[in-house]
Amino acid sequence: MKIYKNVSPRDWGPLLDRPNLEIKEIEPQVQAVLDAVKTRRDEALYAYTRQFDGVELSSLKVSPEEMAAGQTLDESLKAAIIQARANITAFHQAQAEQVVVVETMPGVQCWRRSVPIEKVGLYAPAGSAPLFSTVLMLGIPAMLAGCRQIVLCSPPGKDGKIHPAILFAAALVGIDQVFKVGGIQAIAAMAYGSESIPRVDKIFGPGNQYVTTAKQLVNRQGVAIDMPAGPSEVLILADSTADPGFVAADLLAQAEHGPDSQCILVSTCEPLVESVYQEVSRQLASTSRRETAEKALQNCRLVFLADLRLALDFTNAYAPEHLIIMTADPLADGLEIRNAGSVFLGAMAPVSVGDYASGTNHTLPTNGGAVAYSGVSLDSFVKKITFQNLSAEGLRTIGPIVTTMARAEHLTAHSDAVSIRLDSINAQ
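Residues numbered from 1 in each chain as written. Predicted model: local features only at pLDDT ≥ 70, side-chain atom pairs only at ≥ 80, totals over all residues. Heavy atoms only, no water.

**Student:** For the packing of aromatic side chains, give the residues involved together with the corresponding values.
**Tutor:** Tallied over the entire structure, the rule returns 4 aromatic pairs. Between the aromatic rings of Trp-111 and Phe-387, the centroid separation amounts to 5.7 Å while the plane-to-plane angle is 5 degrees, which identifies the pairing as stacked. Of this pair, Trp-111 sits in strand β3 (residues 108–116) while Phe-387 is found in strand β14 (residues 382–390), placing the two residues 276 residues apart along the sequence. Classification of Phe-387 by relative accessible area gives partly exposed; the value is 25%. Sitting over the face of the ring of Tyr-318, Arg-18 holds its NZ or CZ atom 3.6 Å from the ring centroid. (Phe/Tyr/Trp six-rings, centres within 6.5 Å; stacked < 30°, edge-to-face > 60°. Helix = DSSP H or I, 4+ residues; strand = E, 2+ residues; numbered from the N terminus. Buried < 20%, exposed > 50% of the residue type's maximum accessible area, 1.4 Å probe, protein only. Lys NZ or Arg CZ within 6 Å of the ring centre and 35° of its normal.)

**Student:** Give a description of helix α11 (residues 270–284) that names residues and reports values.
**Tutor:** Its 15 residues give α11 an end-to-end C-alpha distance of 22 Å, which sits within 8% of 21 Å, the value for a rise of 1.5 Å per residue. Of the residues making up α11, those classed as buried are Leu-272, Val-273, Val-276, Glu-279, Val-280, Gln-283 and Leu-284. The buried residues of α11 occupy an angular sector of 130 degrees when projected down its axis, which confines them to one face. Relative to its buried face, α11 has exposed residues pointing more than 90 degrees away, namely Pro-271, Gln-278 and Arg-282. The elements touched by buried residues of α11 are β1 (2–5), β9 (233–238), α10 (244–255), β10 (262–267), α12 (290–297) and β11 (301–304). (Expected span 1.5 Å × (residues − 1). Arc of directions from axis to C-beta. Contact = heavy atoms within 4.5 Å.)

**Student:** With reference to specific residues and values, describe the packing of α10 against α11.
**Tutor:** Viewed as axis vectors pointing N to C, α10 and α11 meet at an angle of 55 degrees, and their least axial separation amounts to 8 Å. Considered as vectors, α10 and α11 are oriented oblique to each other. Here α10 runs over α11; the crossing is right-handed. In contact with Pro-244, Gly-245, Val-247, Ala-248, Ala-249, Leu-251 and Leu-252 of α10, α11 contributes Leu-272, Ser-275, Val-276, Glu-279, Val-280, Gln-283 and Leu-284. Split by residue class, the contact of α10 with α11 holds 10 nonpolar, 3 polar and 1 charged. (Axes fitted to C-alpha atoms, helices over the stretch in contact; angles between N-to-C directions. Parallel < 35°, antiparallel > 145°, perpendicular 65-115°, else oblique. Left-handed = near helix turned anticlockwise from the far one by under 90°. Nonpolar A, V, L, I, M, F, W, Y, C, P; charged D, E, K, R; others polar.)

**Student:** Lay out a nonpolar patch on the surface in plain terms, naming residues and giving numbers.
**Tutor:** A cluster of nonpolar side chains, Leu-331, Val-343 and Leu-345, forms an exposed patch at the surface whose accessible area comes to about 250 Å². As for its position among the elements, Leu-345 is in strand β13 (residues 342–345). Here Leu-345 falls in the partly exposed class, since its relative accessible area comes to 36%. (Patch = residues over 30% accessible without salt bridge, like charges linked within 9 Å, V, L, I, M, F, W, Y side chains within 5 Å. Areas by Shrake-Rupley, 256 points an atom, 1.4 Å probe, with all protein chains shown as cover. Salt bridge = Lys/Arg side-chain N within 4 Å of Asp/Glu carboxyl O.)

**Student:** I'd like a description of the packing of helix α5 (residues 75–93) against helix α7 (residues 164–173), backed by residues and values.
**Tutor:** Remark: α5 packs on α7, axes separated minimally by 11 Å, with the N-to-C direction vectors making an angle of 40 degrees. Between α5 and α7, the angle falls in the class oblique. Here α5 runs over α7; the crossing is right-handed. Across the interface between the two elements, Lys-78, Ile-81, Ile-82 and Arg-85 from α5 touch Phe-168, Leu-172 and Val-173 from α7. Its residues assigned to classes, the contact of α5 with α7 shows 5 nonpolar, no polar and 2 charged.

**Student:** Describe in detail the environment of Phe-132, supporting the description with residues and values.
**Tutor:** Checked against the element boundaries, Phe-132 lands in helix α6 (residues 132–145). In sequence terms Phe-132 and Ala-142 are 10 residues apart; their C-alpha atoms lie 15 Å from each other. Contacts of Phe-132, omitting those with residues within four sequence positions, involve Leu-77, Ile-81, Ala-165, Ile-166 and Ala-169.

**Student:** Please set out the pairing of strand β2 (residues 102–105) residue by residue, giving values where relevant.
**Tutor:** Across 3 bridges, β2 lies against β3 in antiparallel orientation. Looking at the pairing, Val-102 lines up with Cys-110 of β3. Hairpin connection of β2 to β3: 2 residues between the antiparallel strands, including Gly-107 at a positive phi of 85 degrees. (Pairing = 2+ DSSP bridges.)

Structural data, given as structure tokens:
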């Protein structure tokens, strides 16, 4: 960890930087896998599963009998997942928009309707840990949106099976098309389709740099994706009221995601920065993923800025995926936030609650993407289609406006499409 004190805004550049993703270097390798799956389909999927996962499969799809393995989960974990589903469902259900018909002029009605994306593909990583929470975060809004086909891909373990927690979560939200495919080849299968795996219209889910690169490459070829993504990150904005133990715990929670995780503290209290430095070192000793966390902490930045306004400006400039505000008035300070994926207000709101069960979605923009992108929501699984309905009187009212504008743009056919109708109305 490195401590920075009262750095001038003109020198913030290096403090706001993220690690360079080595996408260009791995693009040829990723493209080769994509091309192979596109042409050889299932044959390539089996081959890459042998090569990358060390597993010989007889079938890619999880059978109903295999799905039943999810019920072997510990009862307390099952209960926790069930409650998380209820919370996530409640929050996302409230995002549904009612159709509102607006009469812009007499006889001219306009409205917008949300229509589900028909086929979506979800990816749940399971490398260092099975991310069953991602199945909830993606599967629940997909179901609520009414997507007709939901495909879930997740890599198999060395036993050739998908972790029971992922299977339980999938069954809980109603996903029955689950496939034992991971990495680049999973993205390729959902993008192009194979004998076993249906092609989808939009792909969701986190992953390593290979998965991220694969998503970006298929996106260039016309397959929609949820958002650009990079390593997970947290920024903590804290003042003298913050508990250094809480701050250190939140930094470590982020650090254990992976060696490239980004952990930032911005504080208006210099003694707090020093205390957090010591507390992180103390808590690190008992962290189960210590080696991973240690690597991430090498890039951890503890920033002291004496002025709260400057600290808020720094926060907005960084545009963190996760933002924790531990200040004397977190609600007021939260109103100053313009760029963040998800905000956690106060000392009792660690990122962990949003990661699992508060109800908000944990699939969020990273790498500064929060300046323009939102996290996954119900809207991510629908298209907004606009409608307009005109009566004869409505066209008579708006028609001259349209013909005048069309002629000014030298688009006479546009004008004629209105005029021919007006002539018909006037002839009656």
